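# Close look at the chain arrangement
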Amino acid sequence: MIETAMPVRVQLETTIEQDGQKQSFKFDEQGQLVSMNNSYYLRYSETGGQGNVPVTFKFAEDHTVVLSRDGENRLRIIFNPDNEQETHYRTAYGMMKLMVKTNRLLSDLDLITGNGKIVVDYELHGQDQLIGKYQIRLQFNG
């Protein structure tokens with residue numbers, strides 16, 4: 001396993017629409033772009049209301065993007081516009097089974113220079129109900 005890492009600046013804006021209410025969150029953090037086993041991982045920690053939350057975006061060869069968030073509430077989402085994905089969300093109240101519907105996934109990545117942009121629009125469904133609509137706008141540069 002060969003691993004290389006380069007420091008990058010991560011700018012993320014997330015918009016959440018639930019029950020007719022819209023919220024936006026912005027993060028500007030230092031992170032690392034890691035190359036390992038033919039995949040690339042963008043790692044950083046979101047600092048804010050929930051303390052330091054480790055976040056990883058995995059950019060896979062099949063052009064899917066995987067988002068992992070650790071911390072008190074754990075989440076791993078596979079964004080794939082071709083298929084709905086099942087995931088589990090760990091909360092303080094237990095595990096929730098969710099379905100992820102990726103409506104849009106655009107990526108412009110130059111992983112050699114450490115620059116990239118990701119656009120993801122997705123929906124989360126739980127127990128056959130729409131939980132919310134989400135937008136991720138991610139940009140990173142070395």
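To keep things clear, this report deals only with the structure shown in the data block. Quick caveat: nothing in here was measured; it's all calculated off a predicted structure.

## Details of the pairing of strand β6 (residues 74-79)
In the case of a regular strand, side chains alternate between the two sheet surfaces. Residues L75, I77 and F79 of β6 are buried on one face, while the alternating residues R74, R76 and I78, pointing to the opposite face, are not. Sheet analysis places strand β5 (residues 65-69) next to β6, joined by five bridges and oriented antiparallel. Directly across from S68, in β6, lies its bridge partner R76. The pairing of β6 with strand β7 (residues 85-91) spans two bridges and is classified as antiparallel. Looking at β7, one finds that L75 is bridged to Y89. Linking two consecutive strands that pair antiparallel, namely β6 and β7, is a turn of five residues.

## Remarks on the sheet that holds strand β4 (residues 51-59)
Reading around the barrel, the 10 strands line up as β1-β2-β3-β4-β5-β6-β7-β8-β9-β10 and close back on themselves, with antiparallel pairing between neighbours. Each neighbouring strand pair of the sheet contributes to a mean axis angle of 25°, computed without reference to strand direction. Relative to strand β10 (residues 129-141), strand β9 (residues 115-126) is paired through 11 bridges, and the arrangement is antiparallel. The partner of K117 across the bridge, within β10, is Q139.

## As for the packing of aromatic side chains
Note on aromatic pairs: each is described by the distance of the centres and the angle between the planes. Under the definition given, this model contains three aromatic pairs. Ring geometry for F59 versus F140: centroids 5.9 Å apart, planes at 20°, classification stacked. Of this pair, F59 sits in strand β4 while F140 sits in strand β10, and the two are 81 residues apart along the sequence. Considered together, F59 and F140 belong to a single accessibility category, that of buried residues. Geometrically, the ring pair formed by Y122 and Y134 is stacked, given 5.0 Å between the ring centres and 15° between the ring planes.

## Focus: the pairing of β7
In the sheet, β7 pairs with strand β8 (residues 94-110) via seven bridges, with the strands oriented antiparallel. The residue of β8 that forms the bridge with T87 is L98. The loop that links β7 with its antiparallel partner β8 comprises two residues.

## Focus: the environment of N83
Relative to the assigned elements, N83 resides in the loop between β6 and β7. With 23 residues separating them along the chain, N83 and L106 place their C-alpha atoms 15 Å apart.

## Quick notes on the nonpolar core
Note on soluble globular proteins: their nonpolar side chains tend to be buried together. Grouped together as the largest cluster of nonpolar side chains are 29 residues, with contacts concentrated most on F57, F59, F79 and L138. With sequence-adjacent residues up to four places away left out, F79 is seen in contact with T64, V65, L67, V100, T102, L105, V120, Y122 and I136.

Criteria and cut-off values
Residues numbered from 1 in each chain as written. Predicted model: local features only at pLDDT ≥ 70, side-chain atom pairs only at ≥ 80, totals over all residues. Heavy atoms only, no water. Buried < 20%, exposed > 50% of the residue type's maximum accessible area, 1.4 Å probe, protein only. Helix = DSSP H or I, 4+ residues; strand = E, 2+ residues; numbered from the N terminus. Pairing = 2+ DSSP bridges. Axes fitted to C-alpha atoms, helices over the stretch in contact; angles between N-to-C directions. Phe/Tyr/Trp six-rings, centres within 6.5 Å; stacked < 30°, edge-to-face > 60°. Core = buried A, V, L, I, M, F, W, Y, C linked by side-chain atoms within 4.5 Å. Contact = heavy atoms within 4.5 Å.

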